[in-house]
Amino acid sequence: MKLKYVLLFFFLASSLVLSAQNEQEVSDTLRKDALKVYMEASDFIKKEIPFINYVRDIKEAHVYIISTSQRTGSGGTEFTYFLVGQHEFRGMKDTVSYASSPDDTYEHRRQKEVDVLKMALMRYVQKTPLSKYFSINFSAPIKEEVSIDKWNSWVFRSRVNGYFNGQKSYSTRDIYGSISANRITSDWKLSFSLDFSNGKDQFTIGERMISSENKSRTLDALVVKSLGEHWSVGGTSSLSSSTYSNLDKRYRFFPGLEFNVFPYSQSTRRMLKFTYYAGVAYHDYAQVTIYDKTHELLFGHNTEAVYRVVQKWGSINVGTYYRNYFHDWKLNNLSVSGSLDFRITKGLNFNFGGGYSIVHDQISLVKGGASAEEILLRRKELETQYSYFTHFGLSYTFGSIYNNVVNPRFKSSGGGGMIIMY
């Protein structure tokens, strides 16, 4: 009897082992046959879309995905995904997008992102052995009626933020906020905003107390009319004040014209646009300027050129800006800035960016300069002939080309967020 039970035990154990081996072989086969995709994917995407192989090398991928995003008229974000096939999928290309609402939660946005990516990938997964494991369901009935937008595309937004920090010998206070109204359609872009800020720093050095305050107010208006896929006409107007810039009041009105070499519908992938403004400004200064002015009426113009392209090898953003006043062309400003993200080779990526400005138009500088406190606290605009900034980085990754597994154990619970960007 004992031998009978021993044989039965070994039979059951061997059956379980063989079953586990068979399941493992099937799982390995499915993983081997899965679509290889190159993209910067969050842990959530990897968990929610487990039927593809996330590879680190773009050359190994059957499909690579480039994503871009831009703000919508409602205050949300439009996410666009460009899928390009390689190897046996060469010649297959797709573009999908969705627009989030400003009221959407983080959970809703990332779930919608997953849903859109799943739909986009089906055309490619269909050509793999994994296609037989999928079924398609329609989850909601189609409404026969379309509701009318009672706001007529107008979106209103307000915010107030405060920041307070201090210790025994130091304290700082910053309060800022804004109110805006925007209406953005394919034909018109209307934007109105009111912004304010108030900051104060206070230091105690021995028996001496140093205090500095900075205030600004700005009322802006922008009106733009579309003239097709390449041209736009519009203008900006503003009323502002700034203790930093020595402006008690400033009024500006600058109409302009813009031309985009590529259609605006392609702006998330490539753009080369030229914009020209010309107009008038009135300055009422808080203190006498270095040109012995307390107020003045100014006429001037400015032009800018922007180039942007996003490709599988990376992205380029370059912009130039020039302005001057008509009464004295020596009062001008020329700025150039740009950034480059470039994939050099497998696992090796380089990014670089920076900007440089030639500054000859500081007409609002206070006569007599700034105090030591204002210089150290940067509460007053200081005389300069140039300004610059730069950043760069290099990264190299090597090892397994697959990156499918998500393991969140002992993961830091710091700030969250999710961006898919190549």
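All figures in this text were calculated on a predicted structure; none of them were measured in a lab.

### Quick word on the overall build of the protein
Thought 1: Along the protein, the regular secondary structure elements total 4 helices and 17 strands.
Thought 2: The buried share of the protein, taken over its 422 residues, is 32%.
Thought 3: Looking at the protein alone, contacts between residues at least 24 apart form 55% of all its contacts between residues at least 6 apart.
Thought 4: In the form shown here, the protein has an accessible surface area of approximately 27100 Å², with 58% of it arising from carbon and sulfur atoms.

### Details of the sheet that holds strand 4 (residues 77–85)
Thought 1: If you trace the 5 strands from one edge of the open sheet to the other, you get 2-1-3-4-5, paired in mixed fashion. The open sheet has two edge strands, strand 2 (52–54) and strand 5 (93–99), and neither has a second partner. Pairwise comparison of adjacent strand axes, ignoring direction, gives a mean angle of 30° for this sheet.
Thought 2: Helix-sheet contacts for helix 3 (residues 106–125) involve strand 1 (35–38), strand 2, strand 3 (63–71), strand 4 and strand 5, and the interaxial angle to strand 5 is about 160°.

### What to know about the sheet that holds strand 12 (residues 270–285)
Strands pair in a sheet through their backbones, by hydrogen bonds, and they do so in one of two ways: parallel or antiparallel.
Thought 1: Overall, antiparallel pairing links the 12 strands, which are arranged 6-7-8-9-10-11-12-13-14-15-16-17 in an open sheet. In this open sheet, the two edge strands, each paired with only one partner strand, are strand 6 (154–167) and strand 17 (386–396). Neighbouring strand axes in the sheet, compared pairwise and without regard to direction, differ in orientation by 10° on average.

### A short note on the side chain of His301
Thought 1: Turning to its location among the elements, His301 is positioned in strand 13 (residues 295–311).
Thought 2: Exposure remark for His301: the relative accessible area of 14% places this residue in the buried category.
Thought 3: Of the polar contacts made by the side chain of His301, one reaches the side chain of Tyr276; its length is 2.9 Å.
Thought 4: Of the polar contacts made by the side chain of His301, one reaches the side chain of Asn324; its length is 2.9 Å.
Thought 5: Setting aside its immediate chain neighbours within four residues, His301 contacts Phe254, Tyr276, Tyr277, Ala278, Tyr322, Arg323, Asn324, Phe326 and Trp329.

### Remarks on the packing of aromatic side chains
Thought 1: Using the criterion set out here, one finds 11 aromatic pairs in the structure.
Thought 2: An angle of 5° between the planes, with centres 6.2 Å apart, marks the rings of Tyr356 and Tyr386 as stacked. A residue pair is termed long-range when its members are at least 10 positions apart, and Tyr356 in strand 16 (residues 348–359) and Tyr386 in strand 17 qualify at 30 residues.
Thought 3: With a relative accessible area of 44%, Tyr386 lands in the partly exposed category.
Thought 4: Here Arg110 stacks its cationic end above the ring of Phe44, 3.8 Å away from the centre of that ring.
Thought 5: Above the face of the Phe254 ring, Arg252 is positioned so that its terminal group lies 4.4 Å from the ring centre.

### Some remarks on the pattern of salt bridges
Thought 1: Evaluated as defined, the whole model comprises 6 salt bridges.
Thought 2: With a closest N to O distance of 3.4 Å, Arg173 and Glu213 form a salt bridge. In this pair, Arg173 is assigned in strand 7 (residues 170–184) and Glu213 in strand 9 (residues 208–226), connecting sequence segments 40 residues apart.
Thought 3: Ionic pairing is found between Asp248 and Lys249, a salt bridge with its closest N-O pair at 4.0 Å.

### Considering the layout of surface pockets
Thought 1: Considering only enclosed or pocket space, the largest pocket measures out at about 1400 Å³ in volume.
Thought 2: In terms of lining residues, the largest pocket is bounded by 47 residues, among which Gln70, Ile184, Lys189, Tyr264 and Ser267 are the most central.
Thought 3: Per-element tally for the lining of the largest pocket: the top contributor is strand 12, with 5 residues.
Thought 4: A breakdown of the residues in the lining of the largest pocket according to their chemical character gives 11 nonpolar, 23 polar and 13 charged.

### Description of the confidence of the model for the protein
Thought 1: For the protein, mean pLDDT is 81; residues scoring 70 or higher make up 82% of the total.
Thought 2: Here residues 414–422 scores under 50 on pLDDT; set against residues more than four positions off or in separate chains, the count is 23 contacts.

### A short note on the nonpolar core
Thought 1: Of all hydrophobic cores here, the largest spans 26 residues; its most connected members are Leu35, Ile49, Ile52, Ile65, Leu83 and Leu121.
Thought 2: Those elements that provide at least two residues to this core are strand 1, helix 2 (43–48), strand 2, strand 3, strand 4 and helix 3.
Thought 3: Looking at this core, the element that brings in the most residues is helix 3, giving 7 residues.
Thought 4: With residues near it in sequence (within four places) discarded, Leu35 still touches Phe51, Ile52, Asn53, His62, Val63, Phe89, Leu121, Tyr124, Val125 and Thr128.
Thought 5: Listed in part, the 9 residues of the second largest apolar core include Ile58, Ala61, Ile66 and Val84.

### Notes on unusual backbone geometry
Thought 1: With a phi close to 60°, His87 is a non-glycine residue in the positive phi region.
Thought 2: Summarising the element assignment, His87 is placed in the loop between strand 4 and strand 5.

### A word on the pairing of strand 10 (residues 231–242)
Thought 1: With 11 bridges joining them, strand 9 and strand 10 adopt antiparallel strand pairing. Of the residues in strand 10, the one forming a bridge with Leu219 is Leu239.
Thought 2: The turn joining strand 9 and strand 10, which pair antiparallel and follow one another in sequence, is formed by 4 residues; a positive phi near 115° is taken by Gly228.
Thought 3: Between strand 10 and strand 11 (residues 247–260), which pair antiparallel one after the other, the connecting turn spans 4 residues, and Asn246 there sits at a positive phi close to 60°.

### Focus: a nonpolar patch on the surface
Thought 1: Side chains of Leu334, Val336, Tyr356, Ile358, Tyr386 and Tyr388 sit close together on the surface and give an oily, nonpolar patch of about 600 Å² of accessible area.
Thought 2: If you list the elements that add at least two residues to the nonpolar patch, you get strand 15 (328–345), strand 16 and strand 17.
Thought 3: Looking at where Tyr388 falls in the secondary structure, it is placed in strand 17.

### Some thoughts on helix 3
Thought 1: Taking 1.5 Å per residue as the helical rise, helix 3 with its 20 residues ought to reach 28 Å, and the 28 Å between its terminal C-alpha atoms agrees with that figure.
Thought 2: Where helix 3 is concerned, the buried positions are Glu113, Val114, Val116, Leu117, Ala120, Leu121, Tyr124 and Val125.

### Observations concerning the environment of Ile65
Thought 1: When you line up the elements, Ile65 lands in strand 3.
Thought 2: Overall, the relative accessible area of 2% leaves Ile65 in the buried class.
Thought 3: Residues Ile65 and Asp94, spaced 29 residues apart in sequence, show a C-alpha to C-alpha distance of 9.6 Å.

Quick notes on the rules
Residues numbered from 1 in each chain as written. Predicted model: local features only at pLDDT ≥ 70, side-chain atom pairs only at ≥ 80, totals over all residues. Heavy atoms only, no water. Helix = DSSP H or I, 4+ residues; strand = E, 2+ residues; numbered from the N terminus. Buried < 20%, exposed > 50% of the residue type's maximum accessible area, 1.4 Å probe, protein only. Contact = heavy atoms within 4.5 Å. Areas by Shrake-Rupley, 256 points an atom, 1.4 Å probe, with all protein chains shown as cover. Pairing = 2+ DSSP bridges. Axes fitted to C-alpha atoms, helices over the stretch in contact; angles between N-to-C directions. Polar contact = N/O pair within 3.5 Å; in protein donor to acceptor, adjacent residues only side chain to side chain. Phe/Tyr/Trp six-rings, centres within 6.5 Å; stacked < 30°, edge-to-face > 60°. Lys NZ or Arg CZ within 6 Å of the ring centre and 35° of its normal. Salt bridge = Lys/Arg side-chain N within 4 Å of Asp/Glu carboxyl O. 1 Å grid on protein atoms, 1.4 Å probe; cavity = no way out; pocket = protein on both sides within 12 Å on 5 of 7 lines; lining within 4 Å. Points joined across faces, edges and corners; volume = space filled by probe spheres on them. Nonpolar A, V, L, I, M, F, W, Y, C, P; charged D, E, K, R; others polar. pLDDT = per-residue confidence, 0-100. Core = buried A, V, L, I, M, F, W, Y, C linked by side-chain atoms within 4.5 Å. Patch = residues over 30% accessible without salt bridge, like charges linked within 9 Å, V, L, I, M, F, W, Y side chains within 5 Å. Expected span 1.5 Å × (residues − 1).

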